[in-house]
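An overview of the molecular structure
Chain residues, written in single-letter form:
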Amino acid sequence: MKYVLYVIIALMGIQILEAQNALETEKKSDSIVDENYREDQFYLSVTYNLLGRKLDGVSQSGFSSGFHFGFIRDMPINTKRNIAIGVGLGLSTNSYNQTLLISEDNGVTNYTILDDDTTFSKNKFTTYLLEMPIEFRWRTSTSTDYDFWRIYTGIKLGYVLYNSSKFDGSPNDIKLSNIDDFNKLQYGLTLSAGYSNVSFHFYYALNSIFDSNAKLSTTNQSIDMNVVKIGLIFYIL
């Protein structure tokens, strides 16, 4: 499943970038002002993923990344068409390198914190989501000016299509997938701001990665971690 998502995102990204170049060339040569233009129909984003509300002893190691791609329907709500509502659909893959070990024993999922005595080279979990961004959009654009300032804010809903965890270490490697304790529905606040095609992007999850069934095996403490994503987003016509 994860490899299919990678291929889809890569191929669609290449096609959209080619279409963007063609549209910009046509736009430069067209002197007629389009009073029905729309902006920023596609997006590509790369984020650094942080874990919030971590349990004592849980830390992040390595680089935790997110890759996001999708289409947003831009719907201007004023005559200048510089204020709009955007509703979209996209895919994302997100990895989290950290020290919370997810294992399984007789069909029961266990959560323990790796200590300094454990030797390992990798411990991470990964989620693959279908996403729906909903944005309130302000920009300084016109139908003939595609280098402009923008501030977009809103919410993003996500549905976890697939999840996996991987531990490479001693005494043996552990690989799990489709763990039931992941919250299927993920949602949070978003903010994008920048100039031209590149913007700063921020996401703050309002709910936890795991549901109420996920508890630390040693203390029965709930695992209430959420996600904070910081990165860059590229908007494309």
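Our subject is the structure listed above.
Residues numbered from 1 in each chain as written. Predicted model: local features only at pLDDT ≥ 70, side-chain atom pairs only at ≥ 80, totals over all residues. Heavy atoms only, no water.

This brings us to the overall build of the protein chain. Along the backbone of the protein chain there are 1 helix and 11 strands. Order of helices (α) and strands (β) in the protein chain, N terminus to C terminus: α-β-β-β-β-β-β-β-β-β-β-β. Within the protein chain, the fraction of its 237 residues that count as buried is 47%. Counting only carbon and sulfur atoms, one obtains 58% of the accessible surface of the protein chain, whose full area is about 12,100 Å². (Helix = DSSP H or I, 4+ residues; strand = E, 2+ residues; numbered from the N terminus. Buried < 20%, exposed > 50% of the residue type's maximum accessible area, 1.4 Å probe, protein only. Areas by Shrake-Rupley, 256 points an atom, 1.4 Å probe, with all protein chains shown as cover.)

Moving on to the packing of aromatic side chains. Counting across every chain of the model gives 11 aromatic pairs. Between F125 and F182 the ring centres are 5.6 Å apart and the planes differ by 70 degrees, which places this aromatic pair in the edge-to-face class. Linking F125 in strand β6 (residues 120-139) with F182 in the loop between β8 (174-177) and β9 (185-195), this pair joins segments that are 57 residues apart in sequence. Judged by its relative accessible area of 0%, F125 is buried. On the basis of relative accessibility, which here comes to 4%, the residue F182 falls in the buried class. Taking 4.7 Å as the distance between ring centres and 45 degrees as the angle between the ring planes, the aromatic pair formed by F182 and F210 counts as tilted. Taken together, the residues F182 in the loop between β8 and β9 and F210 in the loop between β10 (198-205) and β11 (226-236) connect sequence positions 28 residues apart. For the pair F182 and F210, a shared accessibility class is recorded, and that class is buried. Taken together through their ring pairs, the aromatic side chains of Y96, Y111, F125, F182 and F210 make up a single cluster. Directly above the ring of Y152 sits R137, whose terminal nitrogen or CZ lies 4.4 Å from the centroid. Directly above the aromatic system of Y203 lies the positively charged group of K229, at a separation of 5.1 Å from the ring centroid. (Phe/Tyr/Trp six-rings, centres within 6.5 Å; stacked < 30°, edge-to-face > 60°. Lys NZ or Arg CZ within 6 Å of the ring centre and 35° of its normal.)

Glancing now at the nonpolar core. Within the largest apolar cluster, 24 residues are counted, with the highest numbers of intra-cluster contacts made by L100, Y111, F125, I209, F210, I223 and M225. Considering every element that reaches this core, the biggest residue donor is strand β4 (residues 100-105), with 3 residues. Ignoring any residue separated from it by four or fewer positions in sequence, one finds I209 in contact with L51, F125, D181, F182, N183, Q186, M225, N226 and V227. Judged by nonpolar contacts, the second largest core, of 6 residues, contains Y43, I72, F148 and Y235. (Core = buried A, V, L, I, M, F, W, Y, C linked by side-chain atoms within 4.5 Å. Contact = heavy atoms within 4.5 Å.)

Okay, the side chain of N123 next. Position of N123 among the secondary structure elements: in strand β6. Polar side-chain contacts of N123 include one of 2.9 Å to the backbone oxygen of Q98. Reaching out from N123, the side chain makes a polar contact with the backbone oxygen of L100 at a distance of 3.0 Å. Once residues lying within four places of it in the same chain are set aside, the contact partners of N123 are Y96, N97, Q98, T99, L100, L101, L114, K166 and F167. (Polar contact = N/O pair within 3.5 Å; in protein donor to acceptor, adjacent residues only side chain to side chain.)

Take empty space enclosed by the protein next. Enumeration according to the criterion identifies 5 cavities of 30 Å³ or more in this entry. The volume enclosed by the largest cavity comes to roughly 130 Å³. Contributing to the lining of the largest cavity are 14 residues, with Y96, L129, Q186, V227 and K229 lying nearest its centre. Among the elements of the structure, β6, β7 (149-169), β10 and β11 are those that each provide at least two residues to the lining of the largest cavity. By residue number, the principal contributor to the lining of the largest cavity is β7, which donates 4 residues. (1 Å grid on protein atoms, 1.4 Å probe; cavity = no way out; pocket = protein on both sides within 12 Å on 5 of 7 lines; lining within 4 Å. Points joined across faces, edges and corners; volume = space filled by probe spheres on them.)

Our focus in this paragraph is unusual backbone geometry. Of note, the amide linkage connecting S170 to P171 takes the cis form, showing an omega dihedral of 10 degrees. Mapped onto the elements, P171 comes out in the loop between β7 and β8. Even without a glycine there, the phi angle at S196 is positive, about 60 degrees. Looking at the element boundaries, S196 is found in the loop between β9 and β10.

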